[in-house]
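Tertiary structure, described
These are the residues of each chain, in order.
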Amino acid sequence: MCLAIPGKIIEIKKDIATIDYGSEKRKAKIVEGNFKINDYVIVQGKIVIEKVPEDQVEQWINLLNNGS
Amino acid sequence: MEAEVLFLKYAFPCSFIIKQRGEINDIEFKMLESAAIYNKILPRKFLERVYFRAFQKIKKVADDLGRDIWDKEVIHEYFIKRHNSIIEDGMYAYAEAPDALKNLCKVHYAKVLKIEKDFLVVEYDYGKLRPVIKTLIPKVKKGDVVTIHYGYACEKV
């Protein structure tokens, strides 16, 4: 449900990140790359795919929620 | 591979966005996912409705090439070439899209560096790494060149 929008990493234990989407939290595995707490990321299939620069997050969420 | 299946290998990764927009429900999403993974042929009308944004543009490619929208060459031309230039030029909804989203939306050629149980690690764009889900093309080998879209490997090249 939240997978199309960026979520914020709030905890990392070993290779499992907890990601906050505002309305809910989900866990995903970090398999490649350097991620840290407070990074915004995109998850697919319970894997952290890519980082999203913080200044692009709002634009991203607005775009998808406006359904243009 | 049937045209409907080929289309879904490339289009399915966008379904998360379409679901986020509320244009498809959970059942439709699961149906699309299962058809993309297990190479099932879904009705063309259904696919044309769900992915109407893609088909608006595929229609143009088909007209340019003088072929049908369900011609596999048209589908390849769209996803591998035209789709990326539309994104780069910021046309349609991409005008408002941030760069990180555009990068995920583009279809890239990528080399398989690592194979794990559920995913691959691939290299694209001269040195960028991305883990991608391998369910759409389970039979890949290290060193293979594949196309990637969002968090998925779509097709072996």
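Residues numbered from 1 in each chain as written. Chains lettered and ligands numbered in written order. Predicted model: local features only at pLDDT ≥ 70, side-chain atom pairs only at ≥ 80, totals over all residues. Heavy atoms only, no water.

1. As for the nonpolar core
The biggest cluster of nonpolar side chains holds 70 residues, and the ones touching the most others in it are Trp60 of chain A together with Phe7, Leu32 and Tyr51 of chain B. In terms of residue count, helix α6 (residues 72-88) of chain B provides more of this core than any other element does, seven residues in total. Lining this core are residues from two domains, each supplying at least three of them: domain 1 (3-95) and domain 2 (106-156) of chain B. In contact with Trp60 of chain A, other than residues within four places in its own chain, are Ala4, Ile5, Pro6, Ile42 and Val52 of chain A together with Pro98, Ala100, Leu101, Leu104 and Tyr150 of chain B. (Core = buried A, V, L, I, M, F, W, Y, C linked by side-chain atoms within 4.5 Å. Buried < 20%, exposed > 50% of the residue type's maximum accessible area, 1.4 Å probe, protein only. Helix = DSSP H or I, 4+ residues; strand = E, 2+ residues; numbered from the N terminus. Domains from an automatic or database assignment. Contact = heavy atoms within 4.5 Å.)

2. Brief notes about the interface of chain B and chain A
Facing 27 residues of chain B, the contacting portion of chain A comprises 24 residues. In this assembly, chain B packs against chain A so that about 2300 Å² is buried in total across both faces, 64% of it on carbon and sulfur atoms. On the surface where chain B and chain A come into contact, there are one salt bridge. When the shortest N-O distance is used, the salt bridge between Arg130 of chain B and Glu50 of chain A registers 2.8 Å. Remark: the boundary between chain B and chain A carries seven residue pairs in polar contact (both at pLDDT 80 or more). Of all elements in the fold, only α2 (15-20), α7 (99-105), β2 (119-124) and β3 (128-133) of chain B reach the threshold of two or more residues within the side of chain B that touches chain A. The element contributing the most residues to the side of chain B that touches chain A is α7 of chain B, with five residues. (Buried area = accessible area lost by both parts, 1.4 Å probe. Salt bridge = Lys/Arg side-chain N within 4 Å of Asp/Glu carboxyl O. Polar contact = N/O pair within 3.5 Å; in protein donor to acceptor, adjacent residues only side chain to side chain.)

3. Topic: the pattern of salt bridges
Oppositely charged side chains can pair when the atoms bearing their charge come close. Residues and elements named next belong to chain A. Enumeration over the complete set of coordinates arrives at 19 salt bridges over all chains. The residue Arg26 makes a salt bridge to Glu24 at a minimum N-O spacing of 3.5 Å. Judged by its relative accessible area of 29%, Arg26 falls in the partly exposed class. A salt bridge links Lys36 to Asp39; the nearest nitrogen and oxygen atoms lie 3.4 Å apart. Asp39 sits in the buried class, given a relative accessible area of 9%.

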